Amino acid sequence: MDNENPAQPIRELVLNVFATNGRLVDSGNKLVRDIGLTTAWWQVLGALGYAPAPLPVAHIARNMGLTRQAVQRVVELLAERGFVTFAANPHHQRARLVVLTAQGRKALTAAEAAAAAVDRIALERIGAERVAIASAVLAELREVLAQVLDLPPDAALPETD
């Protein structure tokens, strides 16, 4: 690796995010297996549980950085098991809203309870202030990626300072 690269800190952050994501998926599956969920199901339930209103599949996918097709597949499985249901969308006839059911809310609460000890240990070890900073940095990185990658293919990248 080129240690002279001024962007190396971003590469290291990205690699750590990739590794952490893999660990989160694996750990999440272990934490929620006994309540009949997977990490992917938990992720969609969480997206719905923390949203101020029901969302269409495309919005869940966009919010979570997932493909619409992947979220659609998970939502269909969640609906089969009674964790979500569908409602008409007044803003779009074909894009139904996904609604968390009481059973889905109960599963989300159980998943969060299963993760509570790990959350507490991580918070104690890392500290609330550093967690807040990390969260802000990741949110800002996500915004930069969206801005740069949403440019037309032939557009020049913005200049940096």
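In every chain, residue numbers begin from 1 and rise along the written sequence. In view of the model being predicted, local features appear only for residues whose pLDDT reaches at least 70, and side-chain atom pairs are presented and counted only at 80 or more, with totals across whole chains, interfaces and linings using the full set of residues. As a convention, hydrogens and water are excluded, and side-chain values are obtained from all of the structure's heavy atoms.

- Going by what an unreviewed UniProt entry lists, the protein is known as MarR family transcriptional regulator and is assigned to [Empedobacter] haloabium.

## Focus on the overall build of the protein
- The helix and strand labels rest on DSSP assignments: H or I over at least four residues marks a helix, E over at least two residues marks a strand, and numbering proceeds from the N terminus. Scanning the protein for helices and strands turns up six helices and three strands.
- Its C-alpha atoms put the protein at 55 × 45 × 25 Å along the principal axes.
- Surface exposure here means Shrake-Rupley accessible area, sampled with a 1.4 Å probe, where a residue is shielded only by the protein chains that are shown. Total accessible area on the protein is roughly 11,800 Å²; 58% of this is exposed by carbon and sulfur atoms.
- Under the counting rule used here, the positive set is Lys and Arg, the negative set is Asp and Glu, and His together with the chain ends is not counted. Charge positions come from single atoms, namely NZ of Lys, CZ of Arg, CG of Asp or CD of Glu. For the protein, the distance from the average position of its 16 positive side-chain charges to the average position of its 17 negative side-chain charges is 14 Å.

## Here we look at the sheet that holds strand E1 (residues 55-56)
- Whether two strands pair comes down to DSSP finding at least two bridges between them. Spatial ordering of the open sheet is given by E1-E3-E2, a layout of three strands whose pairing is antiparallel. Of all strands in the sheet, those with a lone pairing partner are E1 and strand E2 (84-87), marking the two edges.
- Any two residues whose heavy atoms approach within 4.5 Å are treated as being in contact. The convention used is that axes are lines fitted to C-alpha atoms, helices contributing only their stretch in contact, and that angles between N-to-C directions extend from 0 to 180 degrees. Across the sheet, helix H2 (residues 39-49) lies against E1, E2 and strand E3 (97-100), angled at about 95° from E3, the strand it touches most.
- Packing of helix H4 (residues 68-80) onto the sheet brings it into contact with E2 and E3, and relative to E2 it is tilted by some 110°.

## Focus on the packing of aromatic side chains
- Pairing of aromatic rings covers Phe, Tyr and Trp, the last counted by its six-membered ring, and requires centre-to-centre distances within 6.5 Å; plane angles under 30 degrees mean stacked, over 60 mean edge-to-face, and any other angle means tilted. This structure, assessed with the given rule, holds zero aromatic pairs.
- Over the ring of Phe86 we find Arg96; its NZ or CZ atom is 3.9 Å from the centre of that ring. The criterion is that NZ of a Lys, or CZ of an Arg, lies within 6 Å of the ring centre and within 35 degrees of the ring normal, and then a charge sits over that ring.

## Focus on the side chain of Asn89
- Here Asn89 shows up in the loop between E2 and E3.
- Owing to a relative accessible area of 11%, Asn89 belongs among the buried residues under this scheme.
- Think of a polar contact as two N or O atoms within 3.5 Å of one another; within protein, one of them needs to be a possible hydrogen donor and the other a possible acceptor, and neighboring residues in sequence only count if both atoms come from side chains. In this structure the side chain of Asn89 is engaged in a polar contact, spanning 2.9 Å, whose partner is the backbone oxygen of Ala95.
- Residues contacting Asn89, with those up to four places away along its chain left out, are Pro56, Ala95, Arg96 and Leu97. Between buried and exposed lies partly exposed: a residue is buried under 20% and exposed over 50% of the maximum accessible area for its type, with that area taken using a 1.4 Å probe on protein chains only.

## With respect to the packing of helix H3 (residues 57-64) against H4
- Across the interface, H3 lies against H4 with an axial gap of 8 Å and an inter-helix angle of 120°. The orientation of H3 relative to H4 falls into the category oblique. Crossing of H3 over H4 shows right-handed handedness. The segment H3 lies against H4, with Val57, Ala58, Ile60 and Ala61 engaging Arg68, Val71, Gln72 and Val75.
- Just so you know the grouping, Ala, Val, Leu, Ile, Met, Phe, Trp, Tyr, Cys and Pro go in nonpolar, Asp, Glu, Lys and Arg go in charged, and all remaining residues, Gly too, go in polar. A breakdown of the residues in the contact of H3 with H4 according to their chemical character gives six nonpolar, one polar and one charged. Roughly parallel covers angles under 35 degrees, roughly antiparallel covers those over 145, roughly perpendicular covers 65 to 115, and oblique covers all other angles. Handedness of a crossing is defined here by the sense of rotation of the near helix relative to the far one, left-handed for an anticlockwise turn of less than a right angle and right-handed for a clockwise turn.

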